[in-house]
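# Structural overview for review
The lines below spell out each chain.
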Amino acid sequence: MTTGAVLLVGAVARLRDAGIDDPARDARILLAHALGVDRSRLTLVMHDDTSSDQADAFERAIEARVARQPVAQIVGQRAFFGRDFIVTPDVLDPRPDTELLVDLALSEPFETVLDLGIGSGCILLSLLAERPNASGQGVDVSDGALSVAKRNAMQLGVQDRVTLRSGSWFAPVNTTTQFDLIVSNPPYITQDEMSELSPEVREWEPHLALTPGGDGLDAYRIITQVAPEHLATGGRLLLEIGHLQGEAVMELCRRAGFSSVAVHQDLAGKDRVVEASEFLGR
């Protein structure tokens, strides 16, 4: 028999040798997962003997991490805005930066919301969980992503208030339907930036959700042009962006007829979300 503490020491060394940024943190998360305990209880069971099944599960997890598979994919979930979301290779790993978009969305009232490129559902489903009277639609071109979003909706208990549609951007949305709020975290990595991404992102996350190729702005060009047709009077458009894309995306919003356009910065002081409202001509 081997204790979790002994397994942990060896695992941290292996992850460090593999170039993992925070090997101790990742090893602890994966050990807790293999032991089937909450991370907060890991210290309490660290010196207990592990079963062969637990040791094997931990070994598989460490091997996957050495291969640079993201921790969230290995354990199958990621915490986002105070809730756990199912994560698979079909969706982007929810990131803390995206919580800014959710915070901004919640800063004003809304009853209907559309999420373009829903992925795991972390944005839309967080909004519905926070606003029990709201309903929403989520669109994604990936059926795998829609399957994950459906599971997350059920896990959060908001499945009766969300409709999931397969297709590209506004294509599956009824032409006459309008929303108080439209949100999106579209693919925005430029083609040149793809090679600079970490192996965890470049090799394990869906490229379709990362980059449209070229200058990374294709999705914004489509969304900003069509969004006014689907925004109710007084409605808002919130777009997550790459930190160097603020000016370009704001200009696209202005060209589309939005008169109130602003960029919001994340905790690191980088441009992260563009907000647009007050469509001219109404």
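Residues numbered from 1 in each chain as written. Predicted model: local features only at pLDDT ≥ 70, side-chain atom pairs only at ≥ 80, totals over all residues. Heavy atoms only, no water.

### Focus on the overall build of the protein
In plain terms, the rule: Strands here are runs of E lasting at least two residues and helices are runs of H or I lasting at least four, both read from the DSSP assignment and numbered beginning at the N terminus. With the radius of gyration taken over C-alpha atoms, the globule rule is written as 2.2 Å times the number of residues to the power 0.38. Buried means the residue's accessible area, taken with a 1.4 Å probe over protein chains only, is under 20% of the maximum for its type, while exposed means over 50%, and partly exposed covers the values in between. Any two residues whose heavy atoms approach within 4.5 Å at even a single point are treated as in contact. Computed with the Shrake-Rupley method and a 1.4 Å probe, the accessible areas treat only the protein chains shown as cover for residues. Working convention for charge: Lys and Arg count positive, Asp and Glu count negative, and His plus the chain ends are omitted. By convention, the point assigned to a charge is CZ for Arg, NZ for Lys, CD for Glu and CG for Asp.
Secondary structure summary: the protein contains 12 helices and 11 strands in total. For the protein, whose C-alpha radius of gyration is 21 Å, the value lies close to the compact-globule estimate of 19 Å for 282 residues. Counting over 282 residues, the protein shows a buried share of 51%. In the protein, once contacts between residues fewer than 6 apart in sequence are set aside, the share between residues at least 24 apart is 64%. Put simply, the protein shows about 13,300 Å² of open surface, and 48% of that area lies on carbon and sulfur atoms. Here the protein carries 25 positive and 41 negative side-chain charges, and the mean point of each set is 2 Å from the other.

### Considerations on the nonpolar core
Cut-off, in case you're wondering: By nonpolar core we mean a set of buried residues, namely Ala, Val, Leu, Ile, Met, Phe, Trp, Tyr and Cys, connected to one another through side-chain atoms within 4.5 Å.
By size, the foremost hydrophobic cluster in this structure holds 32 residues, and its most contacted members are Leu114, Leu116, Phe170, Ile182, Tyr220, Leu237 and Phe258. The set of elements that each furnish at least two residues to this core consists of β5 (112-116), β8 (179-184), α11 (218-230), β9 (231-240), α12 (246-255), β10 (258-265) and β11 (271-279). Setting aside anything within four residues of it in sequence, one finds Leu116 in contact with Val139, Trp169, Phe170, Ile182, Val183, Ser184, Asn185 and Ile223. Leu125, Ala153, Leu156 and Val273 belong to the second-largest nonpolar core, a separate cluster that totals 29 residues.

### Some details on the pattern of salt bridges
Which entries qualify depends on this criterion: A side-chain nitrogen of Lys or Arg and a carboxyl oxygen of Asp or Glu constitute a salt bridge if their distance falls within 4 Å.
Taken as a whole and judged by the stated rule, the model has 17 salt bridges. In this structure, Asp26 engages Arg25 in a salt bridge whose closest nitrogen and oxygen atoms are separated by 3.0 Å. Accessibility expressed as a relative area gives 2% for Asp26, which makes it buried. Measuring nitrogen to oxygen at the nearest pair gives 3.1 Å for the salt bridge that ties Arg272 to Asp266. With respect to class, Arg272 is no different from Asp266; both count as buried.

### Things to note about the side chain of Asp140
We apply this condition: Pairing of N or O atoms within 3.5 Å defines a polar contact, subject to two protein rules: one partner must be a possible hydrogen donor and the other a possible acceptor, and residues neighboring in sequence count only if both atoms are side-chain atoms.
For Asp140, the position within the fold is in strand β6 (residues 135-140). For the buried Asp140, no salt bridge is present, and the opposite-charge side chain at shortest range is Arg95, 13 Å distant. A distance of 2.9 Å separates the side chain of Asp140 from the backbone nitrogen of Gly119, its partner in a polar contact. With sequence-adjacent residues up to four places away left out, Asp140 is seen in contact with Gly117, Ile118, Gly119, Ala145, Leu146, Arg165, Ser166 and Gly167.

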